Amino acid sequence: MKGLSLRRGPSPLLVGGCALVAAVMSVILVRSPVLAVLAIGAIGVGVAATRFGLVALVVPSFGLLPWLVILEGKLPNEVGTLTATMAAGALLVMAAPLRWESLLIPVASFVWVTIVLSHGFFATDFEGVIQACKYMVFPAMALAVTSEGGREVLPRLRKPVLGSALAAMAFHLAIIAAGLGADGTYYGAGEKLGFAGKGPHPLALMSMIIACAGLASPRVRERIAFFALGAVPAALSGVRSALLGLAVALGVYIWRTPRKVQVVAVLIGIFAVALATGALDVVGARFGTHPEEFSSFSSAGSGRGEIWTVALEAWEAAGPWAWAFGTGLRTIPHFELKSLGIELIGHSDIIEVMVQLGVIGFAAWASIWVGLLRARLQPLVLIPIVVFGVVNGSLEYVAPLTLGIFLAGACVDLPPERST
């Protein structure tokens, strides 16, 4: 018919795809509204990445990590691990072509990945596979942030990720101030976990990392704001390992800062905020509840001495092959269950890696950290993570560890000729 124009409609494939996505989203929404929001956000990030490139994937992924930690009690398991894995992979691609000044981290990462994948392949349960996936993110981040491309791009991504971290900490403190979320549910010392109710350790590590990244700010006010907004939630979590990490970070900061008046201003600001929020009460309760725990090695550190002894004795009894390559992923909880009647992790990266991945795996792990500390990264962020890892363990907490290594690379000054 004259004057009638026929337009071509959408393809059946597009219509079917949209219908499938709508159906899946409906099921997710019914099962978990939070997961539905995350799924919609992931779709949005994917669409943005096709338009603006990898930066539209990298920045939201790393910016989301602190939110996933403070909302861990409201989210499905392993959401943080999956997001951290996606963020590390996207950053690796963004930093390509990968070139390094030293081969220490690439070689150590190859050894680490080989041992972890071997144990993951022969894992007898799903928990071992999950731990293998977690352990793979660590070398990926080390490779990305120490590469030439990573060192160039990371400082340019600092502001949006740090801004998201600051907003997450403010939100977390607002939840606590409103009396919402978990309160005294883990240690019974009045610790306040907000919506991160599954456990205090990822929250404490992430809060400590954000506080230490704030110390690298060029402005005193920003240092006080970031350190207080990170240190106070870390103290309120009741995790003493985070307090030790913060103390070490402050020591490094004082040692490196020529203007001691600024140090005094930062310390006064932190103390005032801690006093006003009741964080000092939680710290006092955690250190004063069981003063006898340090009377012997086995009871030291909430029983860490006994946990470490059981794990090391089981490793020693496993024979030469285990000494070299480890007893396998997720074997420490089995050793603890058999000896102590309860499943416990190693509570130290040194114990976890040495027992489960052997001397060779431990050498690779230590070499990666040596490479990170020798690289041109921010030591104020890295050193406290190492401290936390030694006395509590950080490899298990993939989301905060990934954010910490990212911020160690991002919180450095750009060369003058490349600054924007």
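A few points on the structure.

About the cut-offs
- Residues numbered from 1 in each chain as written.
- Predicted model: local features only at pLDDT ≥ 70, side-chain atom pairs only at ≥ 80, totals over all residues.
- Heavy atoms only, no water.
- Axes fitted to C-alpha atoms, helices over the stretch in contact; angles between N-to-C directions.
- Helix = DSSP H or I, 4+ residues; strand = E, 2+ residues; numbered from the N terminus.
- Parallel < 35°, antiparallel > 145°, perpendicular 65-115°, else oblique.
- Contact = heavy atoms within 4.5 Å.
- Nonpolar A, V, L, I, M, F, W, Y, C, P; charged D, E, K, R; others polar.
- Left-handed = near helix turned anticlockwise from the far one by under 90°.
- Expected span 1.5 Å × (residues − 1).
- Buried < 20%, exposed > 50% of the residue type's maximum accessible area, 1.4 Å probe, protein only.
- Phe/Tyr/Trp six-rings, centres within 6.5 Å; stacked < 30°, edge-to-face > 60°.
- Core = buried A, V, L, I, M, F, W, Y, C linked by side-chain atoms within 4.5 Å.
- Salt bridge = Lys/Arg side-chain N within 4 Å of Asp/Glu carboxyl O.

1. As for the packing of helix H6 (residues 126-146) against helix H19 (residues 398-410)
Inference 1: Between H6 and H19, whose axes approach to 10 Å, the crossing angle comes to 5 degrees. In this view, H6 runs roughly parallel relative to H19, as classed from their interaxial angle. For the pair H6 and H19, the contacting residues are Lys 134, Val 137, Phe 138, Met 141 and Val 145 in the first and Val 398, Leu 401, Thr 402, Ile 405 and Phe 406 in the second.
Inference 2: Residues belonging to the contact of H6 with H19 are distributed by class as follows: eight nonpolar, one polar and one charged.

2. Here we look at the packing of helix H3 (residues 55-70) against helix H8 (residues 158-177)
Inference 1: Where H3 meets H8, the axes come as close as 8 Å, and the angle between the chain directions of the two elements is 15 degrees. One finds that H3 runs roughly parallel with respect to H8. The two elements H3 and H8 cross, and the hand of that crossing is right-handed. Of the residues in H8, those touching H3 at Val 59, Phe 62, Gly 63, Pro 66, Trp 67 and Ile 70 are Pro 160, Val 161, Ser 164, Ala 165, Ala 167, Ala 168, Met 169, Phe 171 and His 172.
Inference 2: When grouped by side-chain class, the residues that make up the contact of H3 with H8 number twelve nonpolar, three polar and no charged.

3. Points about helix H9 (residues 201-214)
Inference 1: Between its first and last C-alpha atoms H9 spans 20 Å; for 14 residues at 1.5 Å apiece the expected length is 20 Å, and the two agree.
Inference 2: H9 sits mainly inside the fold: 14 of its 14 residues count as buried.

4. A closer look at the packing of aromatic side chains
Inference 1: Scanning the model with the defined rule gives eight aromatic pairs in all.
Inference 2: Relative to Phe 406, the ring of Phe 62 lies with its centre 4.2 Å away and its plane at 25 degrees, an arrangement referred to as stacked. In this pair, Phe 62 is assigned in helix H3 and Phe 406 in helix H19, connecting sequence segments 344 residues apart. There is no split in this pair, since Phe 62 and Phe 406 are both buried.
Inference 3: Grouping aromatic residues by their ring pairs yields a cluster made of Trp 112, Tyr 135, Phe 138 and Trp 369.

5. As for the side chain of Ser 109
Inference 1: Among the structural elements, Ser 109 can be located in helix H5 (residues 104-121).
Inference 2: Judged by relative accessible area, Ser 109 falls into the buried class, the value being 3%.

6. Observations regarding unusual backbone geometry
Inference 1: Cis geometry marks the peptide bond from Ala 96 to Pro 97, where omega comes out at -5 degrees.
Inference 2: Note that Pro 97 resides in the loop between helix H4 (79-94) and H5.
Inference 3: Here the phi dihedral of His 347 falls at roughly 55 degrees; this positive angle occurs in a residue that is not glycine.
Inference 4: Considering the arrangement of structural elements, one finds His 347 in the loop between helix H16 (332-340) and helix H17 (349-374).

7. Structural notes on the environment of Glu 191
Inference 1: Considering the arrangement of structural elements, one finds Glu 191 in the loop between strand S1 (182-183) and strand S2 (192-194).
Inference 2: C-alpha of Glu 191 to C-alpha of Ala 235: the two residues are 44 residues apart in sequence and 8.3 Å apart in space.

8. Quick notes on the nonpolar core
Note that soluble globular proteins tend to have their nonpolar side chains buried in a common cluster.
Inference 1: Counting 89 residues, the largest nonpolar core has Trp 112, Leu 372 and Phe 406 as the members making the most contacts within it.
Inference 2: If near-sequence neighbours (up to four positions away) are discounted, Leu 372 is found in contact with Ile 105, Phe 138, Ala 142, Val 145, Thr 146, Leu 377 and Leu 382.
Inference 3: Judged by nonpolar contacts, the second largest core, of nine residues, contains Ile 307, Trp 308, Ile 332 and Val 355.

9. Quick notes on the pattern of salt bridges
Inference 1: Applying the stated criterion across every chain, the model contains seven salt bridges.
Inference 2: Two residues, Arg 99 and Glu 148, come together in a salt bridge whose shortest N-O distance is 3.5 Å. Placement of Arg 99 in the loop between H4 and H5 and of Glu 148 in helix H7 (residues 148-153) is noted, with a sequence separation of 49 residues between them.
Inference 3: Ionic pairing is found between Glu 396 and Lys 134, a salt bridge with its closest N-O pair at 3.6 Å. Here Glu 396, found in the loop between helix H18 (379-391) and H19, pairs with Lys 134, found in helix H6; they are 262 residues apart in sequence, far enough to count as distant.
Inference 4: Connected through shared salt-bridge partners, Glu 127, Lys 134, Arg 330 and Glu 396 make up one network.

10. Some thoughts on H5
Inference 1: The end-to-end C-alpha distance of H5 is 26 Å, a good match for the 26 Å that 18 residues give at a rise of 1.5 Å each.
Inference 2: Within the sequence span of H5, burial applies to Ile 105, Pro 106, Ala 108, Ser 109, Trp 112, Ile 115, Val 116, His 119 and Gly 120.
Inference 3: Of the surrounding secondary structure, the elements contacted by the buried residues of H5 are H6, helix H15 (320-325) and H17.

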